[in-house]
Amino acid sequence: MEVSAWSGAASAIPGGWSSALVLVAVAVATALLWRCDFFGDAWRFFVLFKVPHPPEESFLLGSAWTLIRKDHHRAFNKWGCRLGPIYAVRVLCWHLVVVVDAVLADAILGSQEGLSKAMEPDLSDALLSHGHRTMFSSDTNSPYWRLIRKGTAPAFISANIKNGFPDVIKILTKVIANMSKLQPGTELDMNNVTLRISLDVTGLVGFAKDFQTCDTFMDAGTDELFEIIKLTFRELYSRTSNPARKFWIYSLWSPERRRVERLFKQFRLRMSQLLQEVKARGEPAAEDVSIAAHLLRLRDPATGQPLPDNLLAGEFGMYFSAGLETSGNAISWTLYLISQHPEVDAKLAAELDEAGLLVTPQRPAPRAMDYADLARLTYLGWVCKEAMRVRPVAATGVTRYTKRAMKLGGCYLPAGTMIAVPFYAVHHNPNNWEDPDAFIPERWSEPGAELVSTMHGPSASPETQPSAHPEGEQKIKRFLAFSMGPRQCIGRALARIIHDASVAQLVSHFRFQLAERMGGPEGVDSHEINRLTMQPGQGMWMSFQSRAQPMEPIKPVQASEVQAFSLQAHAGLQSTG
Ligand code: HEM
C-alpha cells in the first residue's frame, strides 16, 4: 500500500524516480547542513567579516597559527592596541570576536541573559565527570549551576574562609622550614613549590585533607595527585590547541589514547576516594564551613536527597583543578616580579618589618602571621594585585556565545557568535591602564583603582564610555584577573589568602633572585607558556637568601657553585640539609 503510494508520487514528478531521489538527497543534505548550523555559520561569516580583522591573517587559515601559539595572549594584546576595542579573528571560516575594552568586557561578562558560557564544556567534563556537567561546564541559567554555585558560595565568604587561615600558615611554615634546610646558593624551582603550596592548601582548607606534597618538594610517593593533575592539564591544553586531537590521534587502538584515558581515570578515582574519605567522617558538623561540607549538605530540590556520588566527585575534582594551577602560578609570577624590582622588595620588607613579621638578624623568629595582617599589610595588597594585573594567569580570559543577535561597540553580532575577553589584553591595553606594561604597585594606592571611573590618560571611544552601562560607571572593572559577573571566580577569597599569605611569608623569610639559567627577564618571557593558565614554561628557578643573615647586595651565583634542586635530581632534603 505504502509502496504504491510512493511509486505514484514518484511517477507524478517529472523525471520519475531519479528526480525523487535527488529531492530526497537535497532534503537530507539540507537537514544535515541545518543540524551542523551551516546556514548560521555562513550568515555569521558574512556579517562578522565587516568587523576589523588583523591584516596579516592568511587567506585560508586566518589567524589559526597565531591562536595555537603558546603566547597567543600577547597577540590578542597587539591586535587590540592596533585594531581598537573590538575586533575579530578568523580560523578557517569561523570568526571569534575579541573584546579588549573594559566597558565592553563588562557588558559581556556582567550579563546573564543573552550570553552563555562557551568554554568547550566537553573538554573539562572529559576529565572531571565523564559524561555529566559540573558547575564549571553548566550553563549560567541552569538549575544545576545555581544549586552548586549558591550552595558552595558560603564556603568562601570572609567570615568562613578565615577559619582556614591557620591551615595556610601550617603549610607555609613547613615549606619555609624545608627551604631553610637547603644550602646557601641552592637553586629551587619556585613554580614547583608554589603549585605544591596551592594543592596542599586547597586540600586542607577545602576538604580537611593534607596531601603532604610540600613535605619534600620531590617525588616521594605522597604527591601522586600532584603529578596526575599536572599531566591531565597538559592533555586538556593539547586538546584546546588541537581540537582534532581527540578524533585523530586518539583512534581506539592508539597507546596514547589508552595512556590518557588511564590518567583521566586515575584523577577521577582519586576524587572518588577523597569523597569516600570525607563521607566516612560522618555528617559535617554545623561549624564545618569547608567546600566539602557545603557540597555534602546539598540536596537535590526534586527529591530532597543528597547529590549522588558521581556528581559530588565531579565537583570535588572541579574545585581542585580550578584552584591548583591558577593560584600556584600566580604566586610564582609575583615572586618573579618582586625579584626584578629590588625597590618593591625593599618596601615590602619594610612593611613586614614594621608589622613584626620580617625575619632579621636581630629577630630570627618573628611572630606568626594572622588573618587580620592581610588587611593591615596595605603595600602587600598593592604588590599582589599589581602582579595579577601584569601577569594574569587566566591570560586567555573567557569566552561566551551570543544566544541572540546583539550590538556591541557599534558591531552587529548575530546569534551564535563566539566572543572572547582576553584578560591579558584588557590589562595591557593603554585605553584601560596608564603605562600598562609597567609593574607599579603604587597605582593601587588610589581608592577604587580597579574601576574604569578612576582611569586617567587615554580613554576608550565615546561609544564605550562608562555612562553606556546601565549600572553606572562605578561598577565597571578594568581589573579582571578573576573575571567578573555571575561566573566570576567563586574561589577568589581563598585564592587571595593562598597568594597573599604565601608572598608575605616567603618574602618575610627570604630575598629571591632569578637563577642565571632562566636567562634574565628575556628568557622568562620567551619561555612563558599559556597552557590553560599562563605559566613559566621551564619552571621558575630562583636562589634565595635568608633574611636572618645580614643582607648583602645580591650577586649572581656561579654555575659551579649552584646546587640544583629538582624533582628529577633525587637529592632529598636530608642529603642537602
Ligand atoms: C589566582 C588564583 C585564581 C584565579 C586567577 C582564578 C580565575 C578564575 C577565572 C578567570 C574564572 C572564570 C570565570 C568566568 O568564566 O567568567 C574562574 C572560575 C572558577 N574558579 Fe577560579 N581562579 C583562581 C583560584 C581559584 C581557587 C583557589 C578556587 C577554589 C578552590 C577557584 C574556583 C573556581 C571555580 C569553581 C570556578 C568556576 C565558577 C563558575 O563556573 O561559576 N578558583 N576562576
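For clarity, every value in this text was computed on a predicted model and none was experimentally measured. (Residues numbered from 1 in each chain as written. Predicted model: local features only at pLDDT ≥ 70, side-chain atom pairs only at ≥ 80, totals over all residues. Heavy atoms only, no water.)

### So, the packing of helix α12 (residues 224-241) against helix α14 (residues 255-280)
No. 1: At a closest axis distance of 10 Å, the pairing of α12 and α14 adopts a crossing angle of 130 degrees. One element, α12, and the other, α14, form an angle in the oblique class. Crossing of α12 against α14: the hand is left-handed. Between α12 and α14, the residues in contact are Glu 224, Leu 225, Ile 228, Ile 229, Leu 231, Thr 232, Glu 235, Leu 236 and Arg 239 and Val 260, Leu 263, Phe 264, Gln 266, Phe 267, Arg 270 and Met 271, respectively.
No. 2: Partitioned by chemical class, the residues of the contact of α12 with α14 number 10 nonpolar, 2 polar and 4 charged. (Axes fitted to C-alpha atoms, helices over the stretch in contact; angles between N-to-C directions. Helix = DSSP H or I, 4+ residues; strand = E, 2+ residues; numbered from the N terminus. Parallel < 35°, antiparallel > 145°, perpendicular 65-115°, else oblique. Left-handed = near helix turned anticlockwise from the far one by under 90°. Contact = heavy atoms within 4.5 Å. Nonpolar A, V, L, I, M, F, W, Y, C, P; charged D, E, K, R; others polar.)

### Regarding the side chain of Ser 63
No. 1: Inspection of the secondary structure puts Ser 63 in the loop between α3 (38-48) and α4 (64-67).
No. 2: A distance of 2.7 Å separates polar atoms of two side chains, one belonging to Ser 63 and the other to Glu 57.
No. 3: Not counting the four nearest positions on each side in its chain, Ser 63 is found in contact with Pro 54, Glu 57, Trp 79, Val 89 and Arg 90. (Polar contact = N/O pair within 3.5 Å; in protein donor to acceptor, adjacent residues only side chain to side chain.)

### Observations concerning the pattern of salt bridges
No. 1: In this structure the tally under the stated criterion is 25 salt bridges.
No. 2: For Arg 363, the salt bridge goes to Asp 353, with nearest N and O atoms at 3.0 Å. Linking Arg 363 in the loop between α17 (342-354) and α18 (371-376) with Asp 353 in helix α17, this pair joins segments that are 10 residues apart in sequence.
No. 3: Among the residues examined, Arg 363 registers a relative accessible area of 26% and is labelled partly exposed.
No. 4: Classification of Asp 353 by relative accessible area gives partly exposed; the value is 32%.
No. 5: Across the salt bridge formed by Arg 376 and Asp 373, the nearest N and O atoms sit 2.5 Å from each other. Taken together, the positions of Arg 376 and Asp 373, both in helix α18 and 3 residues apart, correspond to about one turn of that helix.
No. 6: Through salt bridges that share partners, Arg 74, Arg 391, Asp 525 and Glu 528 make up one connected network. (Salt bridge = Lys/Arg side-chain N within 4 Å of Asp/Glu carboxyl O. Buried < 20%, exposed > 50% of the residue type's maximum accessible area, 1.4 Å probe, protein only.)

### With respect to helix α16 (residues 309-339)
No. 1: Taking 1.5 Å of rise per residue, 31 residues should cover 45 Å, and α16 covers 45 Å from first to last C-alpha, within 8% of that figure.
No. 2: By the criterion of burial, α16 is predominantly enclosed, with 27 of the 31 residues buried. (Expected span 1.5 Å × (residues − 1).)

### Thoughts on the nonpolar core
No. 1: With 107 residues, the main nonpolar core has Val 175, Met 179, Met 190, Ile 197, Phe 316, Tyr 319 and Phe 512 as its most contacted residues.
No. 2: Here this core spans two domains, since at least three of its residues come from each of domain 1 (39-131 + 398-475) and domain 2 (144-394 + 483-576).
No. 3: In contact with Met 190, not counting residues within four places along its chain, are Met 179, Ser 332, Leu 335, Leu 506, Phe 512, Met 540 and Met 542.
No. 4: Grouped together as the second largest cluster of nonpolar side chains are 21 residues, Leu 115, Ile 419, Val 421 and Phe 423 included. (Core = buried A, V, L, I, M, F, W, Y, C linked by side-chain atoms within 4.5 Å. Domains from an automatic or database assignment.)

### A word on the pairing of strand β10 (residues 528-531)
No. 1: Because side chains alternate across β10, one face comprises the buried residues Glu 528 and Asn 530, and the other comprises Ile 529 and Arg 531, equally buried.
No. 2: Where β10 and strand β11 (residues 533-536) come together, 4 bridges link them in antiparallel fashion. Bridged to Glu 528 within β11 is Pro 536.
No. 3: Between β10 and β11, which follow one another and run antiparallel, lie 1 residue, and Leu 532 among them has a positive phi close to 65 degrees. (Pairing = 2+ DSSP bridges.)

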